[in-house]
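Structural overview for review
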Amino acid sequence: MIIVMKEKATREQIDAVCKRLVELGFKTHPIFGQEKTVIGAIGDKKALSSEAIINLQGVEKIVPIMKPYKLVSKELKDTPTIVRVGGVPVGGHGVVVMAGPCAVENEEQLLIAAKAVKAAGAKILRGGAFKPRTSPYSFQGLEEEGLKLLARVRDEVGLPFVTEVVDTREVSTVADYADAIQIGARNMQNFCLLKEAGATGKPILLKRGLSATVEEWLMAAEYILDSGNSNVILCERGIRTFETASRFTLDLSAVAIVRENTHLPVIVDPSHATGNWRLVSPLAKAAIAAGADGLIIEVHPDPVRALCDGPQSLHPETFEYLMTDLDPVATAVGRTLT
Ligand code: PEP
Ligand code: MN
């Protein structure tokens with residue numbers, strides 16, 4: 001439910017409405033707009049008699065939120081949320097590129113990758129220290145040592161970083177180092193992990209599950225907002241379909257749907273979606289044309305020798321060409337590559 005306050009409603013009136021809602025068992029999420037304040041009230045509608053709130057001073061109207069997701073919905077907040085990752089804004093007018101290796105392998109590999117992606121214009125570094133691998137025999141990541149390398153390289157190169165957490169037991173360790181925490185596709189509906197990661201207050205990069213509907217994905221985001229953290233970046237990374245020509249099928253319609261229905265920024269991962277470095281560039285361009293607020297791209301100094309996801313990783317030089325190509329696409333859709 002949304003409580004729309006009158007234009008001239010005072011802070012005291014807003015606080016009084018929130019207080020009454022809490023007494024009635026609701027969680028409140030006031031959003032202070034330019035002209036009006038609205039209060040998102042999440043709870044059991046039945047606890048609300050029509051007079052309980054509408055007659056309070058300063059209340060203009062009560063509007064139900066029709067979608068199953070509430071806090072992420074544009075019905076509640078129609079201005080775009082801008083999430084800051086170590087000072088870099090994600091969402092709004094700019095288009096931001098995050099790039100780096102799939103997995104942190106050693107300091108040299110990470111440093112070369114970070115310097116290269118920064119020189120080409122990426123604003124955020126990516127790199128996995130805890131890797132969710134399909135096979136238990138594949139490289140599982142350097143764990144905390146990888147986080148330390150990411151932090152060292154961030155300080156040396158000057159790029160904030162995003163890295164994945166796969167287990168609730170590691171959330172606080174990852175949060176100690178990272179500028180943003182990634183929840184991977186395979187954990188999108190790990191609700192304990194969503195709540196725990198959300199509670200850190202860090203920006204959360206929430207990847208869409210391999211077989212999740214858009215609604216399930218947004219409900220997962222709702223868990224994080226419900227934990228009190230509205231710094232969520234959605235990431236479309238391809239879904240399972242009958243098609244086997246690419247690793248997954250990039251669902252660009254999801255980008256447009258998400259933009260229509262939520263205020264959260266949405267980025268695209270063409271690397272995992274395609275599994276093939278040759279397809280990364282065309283789909284990266286398509287993603288920006290479709291309205292993505294950014295991209296997350298795997299770049300490795302020596303893709304052939306990568307311990308993880310080499311076939312989809314761009315060589316730094318290819319990444320540089322791609323960055324040059326992205327600029328006019330962003331301009332064509334009225335955006336700027338930040
Ligand atoms: C990754 O970004 O390294 C990753 C494992 O992605 P996803 O969860 O989308 O497969
Ligand atoms: Mn990967």
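Fair warning: this is a prediction, and the values are worked out from it, not measured in the lab. (Residues numbered from 1 in each chain as written. Chains lettered and ligands numbered in written order. Predicted model: local features only at pLDDT ≥ 70, side-chain atom pairs only at ≥ 80, totals over all residues. Heavy atoms only, no water.)

1. Details of the domain arrangement of the protein chain
Going by this rule: Residue ranges assigned to the domains are those given by an automatic or database domain assignment.
Under the domain assignment used here, the protein chain contains domain 1 (2–63) and domain 2 (83–337). For domain 1 versus domain 2, the separation of C-alpha centres amounts to 37 Å.

2. As for the site of ligand 1
To keep it simple, the criterion reads: Here a residue is near a molecule or strand as soon as one of its heavy atoms is found within 4 Å of it. Here a polar contact means two N or O atoms within 3.5 Å. Within protein one must be a hydrogen donor candidate and the other an acceptor candidate, and residues neighboring in sequence count only if both atoms are side-chain atoms. The protein chains shown are the only cover counted for residues, whose accessible areas, like all others here, come from Shrake-Rupley with a 1.4 Å probe. Classification convention: Asp, Glu, Lys, Arg as charged; Ala, Val, Leu, Ile, Met, Phe, Trp, Tyr, Cys, Pro as nonpolar; all other residues, Gly among them, as polar.
As a structural note, the neighbourhood of ligand 1 is formed by Cys 102, Arg 126, Lys 131, Glu 164, Gln 182, Gly 184, Ala 185, Arg 186, Lys 207, Arg 237, His 272 and Glu 298. Take Lys 207: an N or O atom from its side chain is 2.9 Å from an oxygen atom of ligand 1. For ligand 1, the protein covers 97% of the area, taking 300 Å² as the surface of the free molecule. In terms of residue class, the shell around ligand 1 is made up of two nonpolar, three polar and seven charged.

3. As for the packing of aromatic side chains
For any pair of aromatic rings, the description rests on two quantities: the centre-to-centre distance and the angle between the ring planes. This is how it is decided: Each aromatic pair joins two rings of Phe, Tyr and Trp (for Trp, the six-membered one) with centres within 6.5 Å, and gets the label stacked for planes under 30 degrees apart, edge-to-face for over 60, and tilted for any other angle. Going along the chain from the N terminus, every DSSP run of H or I of four or more residues is numbered as a helix, and every run of E of two or more is numbered as a strand. Here the term buried applies to any residue with accessible area under 20% of the maximum for its type, exposed to any over 50%, and partly exposed to those in between, with areas from a 1.4 Å probe on protein chains only.
For the structure on display, the rule yields one aromatic pair. The interplanar angle of 25° and the centroid separation of 4.4 Å between the aromatic rings of Phe 191 and Tyr 223 together place this pair among those described as stacked. On the criterion of sequence distance, the pair formed by Phe 191 in helix H6 (residues 191–199) and Tyr 223 in helix H7 (residues 214–226) is long-range, its members being 32 residues apart. Assessed through its relative accessible area of 33%, Tyr 223 is described here as partly exposed.

4. Description of the side chain of Gln 109
Within the secondary structure, Gln 109 sits in helix H3 (residues 107–120). A polar side-chain atom of Gln 109 sits 2.9 Å from the main-chain carbonyl oxygen of Ala 103. Within polar-contact distance, the side chain of Gln 109 engages the side chain of His 300 at 3.5 Å.

5. Points about the pairing of strand E9 (residues 161–164)
Rules: Strand pairing requires that DSSP identify at least two bridges connecting the strands. Clockwise travel from the first strand over the helix to the second, with the strands pointing away from the viewer, marks a crossover as right-handed.
Neither face of E9 is open: one carries Phe 161 and Thr 163, the other Val 162 and Glu 164, and all of them are buried. Inspection of the sheet shows strand E8 (residues 124–126) paired to E9 by two bridges, in the parallel sense. Bridge pairing links Arg 126 to Val 162 in E9. Chirality of the crossover, the property in question, places the unit of E8, helix H4 (residues 144–158) and E9 among those that are right-handed. When E9 meets strand E10 (residues 180–183), the two strands line up parallel, connected through three bridges. Paired with Val 162 across the two strands is Ala 180, which belongs to E10. After leaving E9, the chain enters helix H5 (residues 171–177) and then returns to the sheet as E10, a path that is right-handed.

6. Some words on the coordination of the manganese ion (ligand 2)
Spelled out, the test is: For Na, K and Ca the donor cut-off is 3.2 Å, and for all other metals it is 2.8 Å, counting N, O and S atoms only; because water is absent from this set, sites may look incomplete.
All of the protein donors around the manganese ion (ligand 2) are Cys 102 (SG), His 272 (NE2), Glu 298 (OE) and Asp 309 (OD); their distances to the metal are 2.0 to 2.3 Å. Each donor residue of the manganese ion (ligand 2) lies on the same chain, and together they follow the pattern C-x169-H-x25-E-x10-D. With a gap of 170 residues between them, Cys 102 in the loop between strand E7 (94–100) and H3 and His 272 in helix H9 (residues 270–274) connect regions that are remote in the sequence. Residue classification places His 272 among the buried residues on the basis of a relative accessible area of 9%.

7. Structural notes on unusual backbone geometry
Although it is not a glycine, Glu 143 adopts a positive phi angle of roughly 55°. Topologically, Glu 143 is positioned in the loop between E8 and H4.

8. Section: helix H8 (residues 252–261)
Cut-off, in case you're wondering: The arc in question is formed by the directions pointing from the helix axis toward the C-beta atoms.
Listed as buried for H8 are Ala 254, Val 255, Val 258 and Asn 261. End-on, the buried residues of H8 take up no more than an arc of 145°, which puts them together on one face.

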